[in-house]
Amino acid sequence: MAAKTHRTAAHPIVLSTRALNRATLDRQLLLRRSAMSAKDAVAHLVGLQAQNTKPPYFQLFARLTDFDPEELSALMESREVVRIVSLRSTLHTHTADDALTLVPLVRAPRDRELKSFRRGLEGVDLDRLAAISQEFVEERPRTLKDLRGELLAHWPGADPLALSVAARCLLPLVQVTPRGLWGRGGQVALTTVEHWLGRSAEPAPTPTLDATVLRYLGAFGPASVMDFQAWAGLTRTKEVFERLRPRLLTFRDERGVELFDLPDAPRPDPGTPAPPRFLPEFDNLLLGHADRTRVIPAVNKGRNGVGNQTYGSVLVDGFFDAVWRVERDGGTAILTVQPLRNLVRDERAEITEEAARMLTAMTDATDHDVRFGTFLDFGDRPGHEDRGA
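This write-up is about the structure you can find in this document. Every chain is numbered independently, its residues counted from 1 as its sequence is written. This being a predicted model, a pLDDT of at least 70 is required before a residue's local features are given, and a value of 80 or more before pairs of side-chain atoms are given or counted; all residues contribute to the totals for chains, interfaces and linings. Calculation of side-chain values draws on the structure's entire complement of heavy atoms; hydrogens and water are dropped beforehand.

Classification of residues uses two cut-offs on accessible area relative to the type maximum, computed with a 1.4 Å probe and protein chains only: under 20% is buried, over 50% is exposed, and between them is partly exposed. Numbering of helices and strands runs from the N terminus, with a helix taken as a DSSP run of H or I at least four residues long and a strand as a DSSP run of E at least two residues long. Within the span of helix 4 (residues 69–77), buried status applies to Pro69, Leu72, Ser73, Leu75 and Met76. An end-on view of helix 4 places all buried positions within 160° of arc, on one side of the element. On its buried side, helix 4 packs onto helix 2 (38–44), helix 3 (55–61), strand 2 (81–85) and helix 15 (345–362). Arginine 79 occupies a position one or two residues after helix 4 and carries a positive phi of about 65°. The arc in question is the one spanned by the directions pointing from the helix axis to the C-beta atoms. Any pair of residues with heavy atoms lying within 4.5 Å of one another is described as a contacting pair.

All right, on to the sheet that holds strand 5 (residues 190–192) then. Pairing between sheet strands relies on hydrogen bonds along the backbone, with the strands arranged either parallel or antiparallel. Any two strands are treated as partners once DSSP identifies two or more bridges connecting them. Strand order in this open sheet of 5 strands is 1-3-2-4-5, and the pairing throughout is antiparallel. Pairing within the sheet leaves two strands with one partner each, and these edge strands are strand 1 (48–49) and strand 5. Pairing of strand 2 with strand 4 (residues 173–175) involves 2 bridges; the strand directions are antiparallel. Paired with arginine 83 across the two strands is glutamine 175, which belongs to strand 4.

The rule for a salt bridge is simple: a side-chain nitrogen of Lys or Arg has to be within 4 Å of a carboxyl oxygen of Asp or Glu. Going through the model one piece at a time under the given rule, you end up with 28 salt bridges. For glutamate 80, the salt bridge identified is with lysine 39, shortest N-O distance 3.2 Å. Pair noted here: glutamate 80 is in the loop between helix 4 and strand 2 and lysine 39 is in helix 2, with a separation of 41 residues, a long-range link. A relative accessible area of 30% places glutamate 80 in the partly exposed class. A relative accessible area of 33% means that lysine 39 is categorised as partly exposed. Its salt-bridge partner being arginine 341, residue aspartate 321 comes within 2.9 Å of it at the nearest N-O pair. With aspartate 321 in strand 12 (residues 319–329) and arginine 341 in the loop between strand 13 (332–339) and helix 15, this residue pair connects regions lying 20 residues apart in the sequence. Judged by its relative accessible area of 30%, arginine 341 falls in the partly exposed class. Through salt bridges with shared partners, one network takes in Arg33, Arg277, Glu353, Glu354 and Arg357.

A fitted line through C-alpha atoms serves as each axis, taken over the contacting stretch for helices, and the angle formed by two N-to-C directions is quoted from 0 to 180°. Across the interface, helix 8 (residues 144–154) lies against helix 9 (residues 160–170) with an axial gap of 9 Å and an inter-helix angle of 105°. Taken together, the axes of helix 8 and helix 9 are roughly perpendicular relative to one another. Counting all contacts with helix 8, which are made through Leu144, Leu147, Arg148, Leu151 and Leu152, the residues of helix 9 involved are Pro160, Leu161, Leu163, Ser164 and Ala167. Here the word oblique covers every angle except those under 35 degrees (roughly parallel), over 145 (roughly antiparallel) and from 65 to 115 (roughly perpendicular).

So, on to the packing of aromatic side chains. Only the six-membered ring of Trp is used, alongside the rings of Phe and Tyr, when aromatic pairs are assigned; centres must lie within 6.5 Å, and planes under 30 degrees apart are stacked while those over 60 apart are edge-to-face, with the rest tilted. Under the criterion given, the structure shown has 12 aromatic pairs. Geometrically, the ring pair formed by tyrosine 216 and phenylalanine 228 is edge-to-face, given 5.4 Å between the ring centres and 75° between the ring planes. Taken as a pair, tyrosine 216 in helix 11 (residues 209–220) and phenylalanine 228 in helix 12 (residues 225–232) lie far apart in primary sequence, 12 residues in all. Its relative accessible area of 0% is what places phenylalanine 228 among the buried residues. Ring geometry for tyrosine 216 versus tryptophan 231: centroids 4.9 Å apart, planes at 40°, classification tilted. Placement of tyrosine 216 in helix 11 and of tryptophan 231 in helix 12 is noted, with a sequence separation of 15 residues between them. Seen from the ring of phenylalanine 61, arginine 33 lies directly overhead, with NZ or CZ sitting 4.8 Å from the centre. For a ring to carry a charge above it, either NZ of a lysine or CZ of an arginine must fall within 6 Å of the ring centroid while also lying within 35 degrees of the normal to the ring plane. The ring centre of tryptophan 196 lies 3.4 Å from the NZ or CZ of arginine 79, which sits over that ring.

Written as structure tokens, this is what we have:
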């Protein structure tokens, strides 16, 4: 059923926060699990946030029917998906095609990050640094320690961290396997994306920013210009939306902000049921908008962790209303859910069922224990901001 909306004589259709929530959850494959492949899901979602190695697997489990973590690992081993710095200058899991074409399109955040390290790079020729780094990592994948050592040999007076950050910002570097594989892993080793994939971006059509906006709306819409910019880490993209305006529908949110959307994108009825979902500590659903109230109630802003420690988020009726963590006690996986509001009996039962399903699929524990309790003490302090944006 389509979302119920209301219109006044002088204003466009207004979408409630709940209507935006259901529309976004549908496109994020979180209203119901999808039967699409892991590779298709990574492409549809325009990448998975991957600062840590396990979150991409949990993101796909929350979204796909019968997801097997080995499916994503196999894609990484066959180099059909890669771990690379992209949106917001943050590590993501992308398809090979997106790694070659989307990553250069969203380079601006990496340029800004590089500028913040300029004091440690005085006297450093950045073009030469990029050339030296490329030759070094393409000889064979290199650790960050090895890369810093090589660059310090050329610029001994420079800041070591700034040198490695410069290489990461100037070159499209992938973290090669076994880093990121399910149940395996290894230290970070880097090479260039073109060397790793054995092909360059030239044969594929270079995507325009217009196409990226349309893909974003397909996965995160309806959304504002500022929402897109927060997701991509870009600025000054209003002209792109204006160019696309004839092809899009426009709405307003309850604050009066203009939202853009694809004409044929789903906008379910706000009353559509939203089952509980366990999201990992980093998930683009929670970071994909400037105004995150469509998923994160204002009272829960930043309450997915304390200090530098971030925990998983539980969606209850579509909104972030609990945090979770898993601990091991021998062969038992203990999952603790800390509600951020009072949960009714049916909500607790549904959360427990979903938690058991996740533990069965995503751990090798022989026994499972799902508990409701407290492991975070927010005190009187406001929650910390979601990182990675």
